[in-house]
Amino acid sequence: MQEEGKKAKVERVMVHVRIRPFNDEDISRYGRETSVEFTDDSRGTLILRKEYDKKSFNFDSVFDATSRQDDVFNRVAEPVVSSVIEGYNGTIFSYGQTGTGKTFTMIGSSGELQGIIPRSAQQIFEYIQSCHTHGFTITVGFLQIYMEMLQDLINPNADKPIRIREDPEEGLYLSGITWTPVSSVRDCMELMNQGDKNRNTAFTSMNSHSSRSHAVYMIKIEKRVKYSGEQLEELEKRGEKPDQSMTKSTLYLVDLAGSERVSKSKAAGSRLDEAKNINLALLALGNCIQALADKKGKYVPFRDSKLTRLLEDSLGGNSKTSLVVTIGPSLAHFQESVSSLQFGSRAMKVENRPELNIKVDYKALCAQLQAELDRINDGNSMWIIEKAQLTERINKLVSELECANDDKAELAITIEELKAKGKDINISAFEQLHKEEISKLKAYYTEEIRKKETDHKKQLDDYDKIVSELEVNNQHLKMQILDYENKNTNAKHELKKAREQLEQERNDRQIRISQMNAEIEDLQRALTAEKAKNEKEMLVCNLDEKSIETYSKYEQMIRKDEENFRRTIEEYETENNIVRGNLAALSIERDKLIAEKTSLLNKLGTLTKKASHIAKESVRIRGETENHSQEFKILKDNNTYLQNRYNDLLAKYDEVIEEKDSLLNNIKILSKIHQEFINNEKTKTAQLKFITEEVYMTMKNMQRMSIRFQEKLLYFLTQKAQHITGVKKDVIKSLGSLKEKMNIMQENMMKSNDMCETYRLSYEELKKELDETKKRLKKHEDACKKN
Ligand SMILES: Nc1ncnc2c1ncn2[C@@H]1O[C@H](COP(=O)(O)OP(=O)(O)OP(=O)(O)O)[C@@H](O)[C@H]1O
């Protein structure tokens, strides 16, 4: 998913050409004549010539036969690998005629001759070691496309086939491939060598170790920001969260199988099939490059081959891509080289849109959130464990129920089978076993549910207890606060009263003092007047004895009065001092009360805070209790649901058992009937056998007897025949006499009959006469009566 990324910049596919040096094969077959007329790496120019046919090309770089592996790597691969480390996808692939150095360029051999793949791994791990700001996860995958099949080269015996899939968020990805984590260049090399051994190669006329498949080596890099403990602390202090984003990029290193002219390579049999497949895939690649180079929104046939499908993102998609076109130097391969270079020229027109693949590291984010959640739920951890255990238990119960269900289904099938077969089997033991199991399970589940319910009830009771304790505490604190408030009000009231009293007393004293002052003033005025009067009188009357006496009397009186006034003033002053002392004591008391009030107010503040905290806590606990109640309710519902399901299942099971019972009864009846039938059959068979035996015996006896019987019969019949003949003669004789007698009797009978007829006729005549006589007699009687 592209959570956030730098705006996709259009970047052309970089195309480089590498010319292989002449080898013995070339020289022995075609000599030293070359098609390469001119190369200029600085300008990327390459000119091929065959007689008058001159072809000029321009690429990003041209590596001649003397080029070194590290030069090629630095120019072709290094920028792409750097981008991949940064977070872009990258592809480097080699294309060219068979035997021109694709595998040499991509894989190479050891030391200085190492190719792009090992050098890329090296670059990646060198960077990782020097980077202290980020953490990396590197995984490696290696596959080949052979005869249009994707095969895992690291795990060639994997059961799952590799498929190219597309995710709307992730884009193209490979399912079923083994991604092996690696932590060093060595790990990468071991996997590459191991995979390379599993690759399909063959000896061909063009290359003694020709790759017969397209190999794709993939390095996946996941990069996230690394924090030290102090940095994390610093962030936490600042209330900031650590950066949870990460980049996820893949480097595809593709060593294509080489194109070849079948007529030239003289491939046959399976080699020919391989060559055809390779050429078809390369043709599909050429078509895609052509369509992409045209830039007219043309349809790009990526789905024409596995290779193009796999390279879909590398060509015109989200990737930085470099292509190395390899050609042979020989003039004999002029045409193949030209067509490879034309492919390269077209590829130069393909534009990609690489994007920085920044994604949120959901794993880390999850872990962080989980940690926070754990911290929040610290108090509830026991409950969470309990909940997890319960969930596990429920899942277990559900699976057990499902098992029971399966058992039931199996039982039903067995019953069905029994029904179908109508076999008489001894299932009572089996049935008994299942009944026992079911009743055990039922008892177990009932006990478990009861236990859980008791536990939940206990927990709820505990929570209720805590809540009620807190409420009591809360109430108690409220009462204390009220008490303190009352005391405070009383103290205030008393202080006010004391102040008022003090004020009153002060006023009273002031009034009295002013009254006394007025009295003193009056007395002084009176004294002065008296003095003046006396002086006047003394002056007028020349001071006689009596007057002196009166004067001394007055003087004494005045002194007395003065003394009295002085005493009164002293008393008042003493009293005033006492009042002042009282006032000071009251003021101290007032200060004390104010201090007490302040401490009470402080206490009140603390208590209010405590009360609000308790109230919050109580709300939280109530919320938690509610949550727990809800969870408990859900669990209870689940339990009820499970119980219901269990009951349903039991009911169904009972139905099935009933059905099975009735079926068993039917089977029993049938079997009884069958048994009876068999018994009857047996009896009948026995009887029949017996009868047959008897008949057989009888027949035998009869047979035996019949001979004797026949003899006897013959004798008997002869005797009888003689006897019968005698009897016959006698009978004929008696018959003759009888016939005679019969004739006589017949004659007699005829005579009798005649006589009878005669008698009958005479009887009828007589009867007629009698009737006429009777009529006449009646007539006569009637006549007599009338008369
Ligand atoms: N630049 C080079 N310098 C030295 N030797 C090379 C170079 N390029 C290729 N070679 C040699 O040429 C031979 C064929 O090369 P290589 O196997 O890499 O070709 P290829 O294009 O992968 O062939 P194929 O498509 O058949 O697999 C090998 O022996 C290889 O070592």
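Owing to the predicted nature of the structure, the values given are computational and were not obtained by experimental measurement.

Criteria and thresholds
The written sequence of each chain sets the order in which its residues are numbered from 1. The model is predicted, so local features are restricted to residues of pLDDT at least 70 and side-chain atom pairs to those at 80 or more, both for listing and for counting; the totals for chains, interfaces and linings are taken over all residues. The basis for every side-chain value is the complete set of non-hydrogen atoms in the structure, without hydrogens or water. Numbering of helices and strands runs from the N terminus; a helix is a DSSP stretch of H or I covering at least four residues, while a strand is a stretch of E covering at least two. Residue burial is assigned from relative accessible area. The probe radius is 1.4 Å, only protein chains are included, and a residue is buried under 20% of its type maximum, exposed over 50%, and partly exposed in between. Any pair of residues with heavy atoms lying within 4.5 Å of one another is described as a contacting pair. For every accessible area listed, the method is Shrake-Rupley and the probe measures 1.4 Å; residues are considered covered only by the protein chains on display. Note on ring pairs: Phe, Tyr and Trp rings are taken, using the six-membered ring of Trp, and paired if centres are within 6.5 Å. Classes follow the plane angle, with under 30 degrees stacked, over 60 edge-to-face and the rest tilted. A ring is scored as having a charge over it whenever the NZ atom of a lysine or the CZ atom of an arginine sits within 6 Å of its centre and within 35 degrees of its normal. Any residue with a non-hydrogen atom lying within 4 Å of a molecule or strand is treated as near it. For this analysis, a polar contact is any N or O atom pair within 3.5 Å, provided that within protein one partner can donate a hydrogen and the other can accept it, and provided that sequence-adjacent residues contribute only side-chain to side-chain pairs. Strand pairing follows a simple DSSP-based rule, namely that at least 2 bridges must link the two strands. Orientation is described by lines fitted to C-alpha atoms, with helices fitted over the stretch in contact, and by angles between N-to-C directions that extend from 0 to 180 degrees. Salt bridge, as applied in this entry: a Lys or Arg side-chain nitrogen positioned within 4 Å of an Asp or Glu carboxyl oxygen. For patches, a residue must show more than 30% relative accessible area and have no salt bridge; joins then use 9 Å for like charges and 5 Å for nonpolar side chains, namely Val, Leu, Ile, Met, Phe, Trp and Tyr. Charged residues are defined here as Lys and Arg on the positive side and Asp and Glu on the negative side; His and the ends of the chain fall outside this count. Charge positions are represented by NZ for Lys, CZ for Arg, CG for Asp and CD for Glu. UniProt positions are given in the numbering used here, feature names are shortened, and annotations may be inferred rather than shown by experiment. Every residue is assigned a pLDDT by the predictor, reflecting its confidence on a scale from 0 to 100. With respect to orientation, any angle under 35 degrees is reported as roughly parallel, any angle over 145 as roughly antiparallel, any angle of 65 to 115 as roughly perpendicular, and every other angle as oblique. If you view the pair so one helix is near and one far, a crossing is left-handed when the near helix is turned anticlockwise from the far one by less than a right angle, and right-handed when it is turned clockwise. Three residue categories are used. Nonpolar comprises Ala, Val, Leu, Ile, Met, Phe, Trp, Tyr, Cys and Pro, charged comprises Asp, Glu, Lys and Arg, and polar comprises the others, including Gly.

A. Here's a closer look at the overall build of the chain. Scanning the chain for helices and strands turns up 14 helices and 19 strands. Every one of the 787 residues in the chain was classed for burial, and the buried ones make up 32%. Pairs at least 24 apart in sequence give 76% of the contacts found in the chain among residues at least 6 apart. Of the roughly 50,900 Å² of accessible surface on the chain, 54% is carried by carbon and sulfur atoms.

B. Region of the structure containing the packing of aromatic side chains. Scanning all chains against the criterion turns up four aromatic pairs. Judged by centre distance (6.0 Å) and plane angle (20 degrees), the rings of Phe57 and Phe59 are stacked. With 5.0 Å between their ring centres and 80 degrees between their planes, Phe142 and Tyr217 make a pair best called edge-to-face. Here Tyr217 lies in strand E15 (residues 214-225) and Phe142 lies in strand E8 (residues 134-146), a separation of 75 residues in the sequence. Note on Phe142: relative accessible area 1%, which makes it buried. Note on Tyr217: relative accessible area 0%, which makes it buried. Here the guanidinium or amino end of Lys320 rests over the ring plane of Tyr88, the centre of that ring lying 4.5 Å away.

C. Layout of the site of the ligand. With respect to spatial proximity, 15 residues lie near the ligand, and among them Thr98, Thr103, Phe104, Ser210 and Ser211 are the closest. One of the backbone N or O atoms of Thr100 is found 3.2 Å from an oxygen atom in the ligand. In the model, an oxygen atom of the ligand is placed 2.7 Å from a nitrogen or oxygen of the Thr103 side chain. Within the complex, the protein chains bury 76% of what would otherwise be the 630 Å² of accessible surface of the ligand.

D. Local environment of the sheet that holds strand E5 (residues 53-58). Spatially, three strands are ordered E3-E4-E5 in an open sheet, and the strand pairing comes out antiparallel. Every interior strand has two partners, whereas the edge strands, strand E3 (36-40) and E5, have only one. Strand-to-strand twist of the sheet, defined as the mean angle between neighbouring strand axes without regard to direction, takes the value 10 degrees. Here four bridges tie E3 to strand E4 (residues 45-50), and the two strands are oriented antiparallel to one another. Bridge pairing in E4 links Val36 to Leu48.

E. Examining unusual backbone geometry more closely. For Glu51, which is not glycine, the phi torsion reads 55 degrees and is therefore positive. Tracing the backbone shows Glu51 in the loop between E4 and E5. One non-glycine residue, Met147, lies in the positive phi region at around 50 degrees. Residue Met147 is classed as partly exposed on the basis of its relative accessible area of 29%.

F. Region of interest: the pattern of salt bridges. What the rule picks out here adds up to 16 salt bridges. Of the charged contacts, one joins Asp70 and Arg68 as a salt bridge, the two residues approaching to 2.8 Å between their closest N and O atoms. Between Arg303 and Glu166 there is a salt bridge, with its nearest N and O atoms 3.8 Å apart. Taken together, the residues Arg303 in the loop between helix H8 (269-294) and helix H9 (306-310) and Glu166 in strand E10 (residues 163-167) connect sequence positions 137 residues apart. Each member of the salt-bridge network shares a partner with another, and the members are Glu166, Arg303, Arg309 and Glu312.

G. Inspection of a negative patch on the surface at higher detail. A cluster of like negative charges, contributed by Glu402, Asp406, Asp407 and Glu410, occupies part of the molecular surface. Topologically, Asp407 is positioned in helix H12 (residues 381-421).

H. Local environment of the pairing of E15. For E15, the buried fraction is high: nine of the twelve residues fall into the buried class. Judged from the ten bridges that link them, E15 and strand E16 (residues 245-255) form a sheet pairing that is antiparallel. If you follow Arg224 over to E16, its bridge partner there is Met246.

I. Layout of the side chain of Ser330. Mapping Ser330 onto the fold places it in the loop between strand E17 (320-327) and helix H10 (334-347). Within the structure, Ser330 has its side chain in polar contact with the backbone nitrogen of Ala332 (distance 3.2 Å). The contacts of Ser330, once residues within four sequence positions are left out, are Phe22, Asp26, Tyr30, Glu33, Thr34 and Ser35.

J. View of the pairing of E4. Count of turn residues in the E3/E4 antiparallel hairpin: four residues, of which Gly44 carries a positive phi of about 70 degrees. Counted between consecutive antiparallel strands, the loop separating E4 from E5 contains two residues, among which Glu51 sits at a positive phi close to 55 degrees.

K. Representation of the UniProt feature "coiled-coil region" (unreviewed entry) in the chain in the model. In the numbering used here, UniProt assigns the feature "coiled-coil region" (unreviewed entry) to residues 387-421, 460-603 and 756-783. As annotated, residues 756-783 comprises 100% helix and 0% strand, and the C-alpha atoms at either end are separated by 40 Å.

L. Representation of the side chain of Asp152 in the model. Structurally, Asp152 can be placed in strand E9 (residues 149-152). This buried residue, Asp152, is left without a salt bridge; Lys160 holds the nearest opposite charge, at 11 Å. Within the structure, the side chain of Asp152 is placed 3.0 Å from the backbone nitrogen of Ile154, a separation counted as a polar contact. Sequence-distant contacts of Asp152, that is, excluding residues within four places in its chain, are made with Phe142, Ile162, Gly176, Ile177 and Thr178.

M. Looking closely at a positive patch on the surface. Positive charge collects at one region of the surface, where Lys160, Arg163, Arg165 and Lys306 lie side by side. By the element assignment, Lys160 lies in the loop between E9 and E10.

N. Spotlight on the confidence of the model for the chain. When pLDDT is averaged along the chain, the result is 78; 72% of the residues meet or exceed 70. Low confidence marks residues 1-6, where pLDDT is under 50. Its contacts with residues over four positions away, or in another chain, come to 22 contacts. Note that residues 423-427 has pLDDT below 50 and, in this model, six contacts with residues that lie over four places away or in other chains.

O. Geometry of the packing of helix H2 (residues 69-86) against helix H4 (residues 116-130). At their nearest, the axes of H2 and H4 sit 9 Å apart, and the two run at 50 degrees to each other. Of the possible angle classes, the one that applies to H2 and H4 is oblique. As for the relative orientation of H2 and H4, their crossing is right-handed in sense. Listed contacts from H4 to Gln69, Asp70, Val72, Phe73, Val76, Ala77, Glu78, Val81, Ser82 and Ile85 of H2 are Ile116, Arg119, Ser120, Gln123, Ile124 and Tyr127. Looking at the contact of H2 with H4, its residues break down into nine nonpolar, four polar and three charged.

P. Spotlight on the environment of Asp243. Take Asp243: it is sitting in the loop between helix H6 (229-237) and E16. Taking the relative accessible area as the measure of exposure, Asp243 reaches 37% and is therefore partly exposed. If we skip the residues at most four places from it in the chain, Asp243 touches Val225 and Tyr227.

Q. Quick peek at the environment of Ile47. Counting through the fold element by element, Ile47 comes out in strand E4. Residue class for Ile47 comes out buried when judged on its relative accessible area of 12%. Through-space distance from the C-alpha of Ile47 to that of Phe57 is 6.3 Å; in sequence the pair is ten residues apart. Ignoring any residue separated from it by four or fewer positions in sequence, one finds Ile47 in contact with Ser35, Val36, Glu37, Phe38, Lys54, Lys55 and Ser56.

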